[in-house]
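Structural characterization, general
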Amino acid sequence: MTSDELADIFLSGDDYYALRKVQHYLQTHTRKELHQELLTPAMYRIGQLWQENVISVADEHLATAICDFVISATDHRSQAEKEAIGKAMIMGFEGEDHYLGLKMVACVFREHGWAVHDMGPNLPLVYALDAAKQLKPDVIGLSAALVSRLPLVKTYMDAFGTLDPKPTVLIGGRAVTLADLSHAEAEGAVVLENLETLQHWIQSRKELNYGTSAPH
Ligand code: B12
């Protein structure tokens, strides 16, 4: 199945058929491949059709809802999260409504044995900071689809820099592929373009903490 075909299935409104097709794909692919190679390009295709006025806002909402359903229905959770090897708090910047990427990021962390607190999109900094003070996450993951959210990076970085212990801040999302974030990297943020690089980052951190032969 191609991502264009999946986009068409989303637009047909047949959520059950979409799920069956995705479950079939998962018999021979990983969940990360599903998210990165199939669902993401399918949603980018929806965005393109929307931009070209080939589909309506209602069509785009329907496709988004079915994509959201498919991600949740194929997600994997386990009790192991309670004894997780790390804690990630993830969120979208204030004013950022796109959140399917965040759900995928949450899945990658969970698959690597992390506990995840997914705060969803559009989280004002004051609440993010309060939550981080309580949760004391090892990692804070920020997502931006809109380039217009990126001027907030410095404010968020400065605020999270006051936390003790200081979490690693990861920044990802469509916007980071379109703009230069070297200033954020200079301040210690880790800018990651996709789920593949996130997976590598999680893996290298694990090796750093436990050595390659550790049981985790
Ligand atoms: C669905 C959608 C919406 C939905 C979102 C609902 C939801 N549940 O998320 C709604 C209707 C709310 C919406 C609103 C708008 N949208 Co919109 N939307 C989309 C669409 C079609 C799909 C988004 C999506 O889910 N993509 C799939 C996800 C999985 O991709 P992703 O976010 O890039 O995430 C991947 C990676 O980036 C990465 N990642 C993401 N976050 C992170 C974080 C970390 C830490 C890491 C490591 C990785 C990572 O992981 C994912 C896996 O591959 C896109 C098209 C597109 N190209 O994305 C347009 C798009 C992003 N939207 C666009 C626009 C213009 C808007 C609006 C301004 C429209 C309007 N006039 O109101 C508003 C803005 C709302 C806001 N304030 O945020 C434009 C942006 C153009 C631009 N100039 O930047 C796009 C590109 C459409 C287009 N072609 O024009 N949108």
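Every value quoted in this text rests on a predicted model; they were computed, and no experiment measured them.

Quick look at the domain arrangement of the chain
- Taken domain by domain, the chain holds domain 1 (3-73) and domain 2 (82-210).
- Each of domain 1 and domain 2 has a C-alpha centre, and these two points are 24 Å apart.
- Each partner contributes to the interface: domain 1 provides 13 residues, whereas domain 2 provides eleven residues.
- Summed over both partners, the interface of domain 1 with domain 2 comes to about 1,100 Å²; 59% of that surface belongs to carbon and sulfur atoms.
- Taken together, domain 1 and domain 2 are joined by three salt bridges.
- When the shortest N-O distance is used, the salt bridge between aspartate 68 and lysine 103 registers 2.4 Å.
- For the interface between domain 1 and domain 2, the tally reads seven residue pairs in polar contact (both at pLDDT 80 or more).
- Considering every element that reaches the side of domain 1 that touches domain 2, the biggest residue donor is helix H3 (residues 31-51), with eight residues.
- Of the residues in the side of domain 1 that touches domain 2, the class split is five nonpolar, five polar and three charged.

Things to note about the coordination of the cobalt atom of the ligand
- Just one protein atom donates to the cobalt atom of the ligand; it is His98 (NE2), sitting 2.3 Å from the metal.
- Turning to its location among the elements, histidine 98 is positioned in the loop between strand E1 (87-92) and helix H5 (100-111).

Reading the values: rules and limits
- Residues numbered from 1 in each chain as written.
- Predicted model: local features only at pLDDT ≥ 70, side-chain atom pairs only at ≥ 80, totals over all residues.
- Heavy atoms only, no water.
- Domains from an automatic or database assignment.
- Contact = heavy atoms within 4.5 Å.
- Buried area = accessible area lost by both parts, 1.4 Å probe.
- Salt bridge = Lys/Arg side-chain N within 4 Å of Asp/Glu carboxyl O.
- Polar contact = N/O pair within 3.5 Å; in protein donor to acceptor, adjacent residues only side chain to side chain.
- Helix = DSSP H or I, 4+ residues; strand = E, 2+ residues; numbered from the N terminus.
- Nonpolar A, V, L, I, M, F, W, Y, C, P; charged D, E, K, R; others polar.
- Donors = N, O, S within 2.8 Å, 3.2 Å for Na, K, Ca; no water.

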